[in-house]
Amino acid sequence: EDKVVQSPLSLVVHEGDTVTLNCSYEVTNFRSLLWYKQEKKAPTFLFMLTSSGIEKKSGRLSSILDKKELFSILNITATQTGDSAIYLCAVATKASNSGYALNFGKGTSLLVTP
Amino acid sequence: DSGVTQTPKHLITATGQRVTLRCSPRSGDLSVYWYQQSLDQGLQFLIQYYNGEERAKGNILERFSAQQFPDLHSELNLSSLELGDSALYFCASSVGGQADSNQPQHFGDGTRLSIL
């Protein structure tokens, strides 16, 4: 059975701190790993990673994938209260009828305090 | 705003009933995906349609069914509802339908289903 595990489950930091969120996976037919941010409603797309060792960056957020060790990290530097959210890691796997599914971890809840 | 539209936002109904959730994908997207999010299970993949055809199936119960229409909107039908079906149901869409297309899924705001 495909498995995606995120850690920590929950994190409370002060504004300005740097945080690292972890995602490890055991899946068959790996295609890509995605990070989403979920505030009150829809998960919003952050990054898609397909190749090992290539860092993706967007402002204060960055992410990297290690396909040999089967994990990814999401870094957030100089955190702001607006970064408070649940961060979801998902692994895209190929399905039998040429479709694909996202297998989600349970998420890391991040609270940034002023 | 992701461009994915889900209706209704909230549904309250009783056990044993049947409901239909509706999703309109982003303009240009051919694939629609349905997910269930509950507190204890997290986000669980239910089913994928691509241009009207079923492409992938996850842990979808036999009481649940979906379809995608020629205008690409999709409906998720839930029948013989049980208390445990209470959850947030998300629809997502993407341009392509294959994992190798390397295109992310974009999510709607979800429909919150409450079973009394």
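Conventions used here
Each chain has its residues counted from 1, following the order in which its sequence is written. As they are written, the chains are lettered A onward and the ligands numbered 1 onward, keeping that order. Local features in a predicted model are, by the rule used here, given only for residues with pLDDT of at least 70; side-chain atom pairs are given and counted only at 80 or more, and totals for whole chains, interfaces and linings are based on all residues. For the side-chain quantities, the full set of heavy atoms in the structure was used; hydrogens and water were omitted. Counting rule for disulfides: a pair of cysteine sulfur atoms within 2.5 Å. Helix and strand definitions follow DSSP, with helices as H or I runs of at least four residues and strands as E runs of at least two, each counted in order from the N terminus. In this scheme, a residue with accessible area under 20% of its type's maximum is buried, one over 50% is exposed, and one in between is partly exposed, where area comes from a 1.4 Å probe on protein chains only. What qualifies as a polar contact is a pair of N or O atoms within 3.5 Å, subject to a donor-acceptor requirement within protein and to the restriction that residues adjacent in sequence count only when both atoms come from side chains. Contacts are residue-level and defined by heavy atoms, with any inter-residue pair within 4.5 Å sufficient. Here a strand pair is declared whenever DSSP counts at least two bridges between the two strands. Geometry is summarised by axes, namely lines fitted to C-alpha atoms with helices restricted to the contacting stretch, and by angles between N-to-C directions that run from 0 to 180 degrees.

Novice: Lay out the state of the cysteines in plain terms, naming residues and giving numbers.
Specialist: All chains considered together, the criterion is met by 2 disulfides over all chains. Between the sulfur atoms of Cys23(A) and its disulfide partner Cys89(A) the distance amounts to 1.9 Å. Disulfide Cys23(A)-Cys89(A): the torsion about the S-S bond is -65 degrees, which places it as left-handed. On the criterion of sequence distance, the pair formed by Cys23(A) in strand β3 (residues 19–26) and Cys89(A) in strand β9 (residues 85–94) is long-range, its members being 66 residues apart. Cys89(A) matches Cys23(A) in its accessibility class, with the two residues each being buried. Shown here is the disulfide that connects Cys23(B) with Cys91(B), its sulfur atoms set 1.8 Å apart. Across the disulfide from Cys23(B) to Cys91(B), rotation about the S-S bond amounts to roughly -55 degrees, and the bridge is consequently left-handed. Of the two residues, Cys23(B) sits in strand β3 (residues 19–24) while Cys91(B) sits in strand β9 (residues 87–94), which places them 68 residues apart along the sequence. Accessibility assignment for this pair places Cys23(B) and Cys91(B) in one class, buried.

Novice: Break down the side chain of Arg63(B) for me, citing the residues and quoting the values.
Specialist: Residues and elements named next belong to chain B. With respect to the helices and strands, Arg63 occurs in the loop between β6 (53–57) and β7 (64–68). Within the local environment of Arg63, its side chain forms a polar contact with the side chain of Asp85, the two groups lying 2.9 Å apart. Discounting residues that sit within four places of it in the chain, Arg63 has contacts with Asn77, Leu78, Ser79, Ser80, Leu81, Glu82 and Asp85.

Novice: Lay out the sheet that holds β3(B) in plain terms, naming residues and giving numbers.
Specialist: Residue and element names in this part refer to chain B. Strands sit in the order β1-β3-β8-β7 across an open sheet of 4 strands; the sheet is antiparallel. Single-partner strands in this sheet number two, and they are β1 (5–7) and β7. Direction aside, neighbouring strands of the sheet carry axes that sit 15 degrees apart on average. Of the strand pairs in this sheet, β1 and β3 are connected by 3 bridges, and their pairing is antiparallel. Its bridge partner lying in β3, Thr5 is registered against Ser24.

Novice: Now, about the environment of Phe104(A): what can you tell me, with residues and values included?
Specialist: Along the polypeptide, Phe104(A) turns up in strand β10 (residues 100–104). The exposure class assigned to Phe104(A) is buried, which follows from its relative accessible area of 10%. Phe104(A) has contacts with Val4(A), Tyr36(A), Leu88(A), Cys89(A), Ala90(A), Tyr35(B), Leu43(B) and Phe107(B), leaving out every residue within four places of it along the chain.

Novice: Describe the pairing of strand β1 (residues 3–7) of chain A, and please don't skip the residues or the numbers.
Specialist: Residue and element names in this part refer to chain A. Side-chain alternation along β1 places Val4 and Gln6 on a buried face and Lys3, Val5 and Ser7 on a face that remains uncovered. Sheet topology places β1 next to β3; 5 bridges connect them, and they run antiparallel. Bridging from a neighbouring strand, Lys3 pairs with Glu26 of β3.

In short, geometric facts, not functional conclusions.
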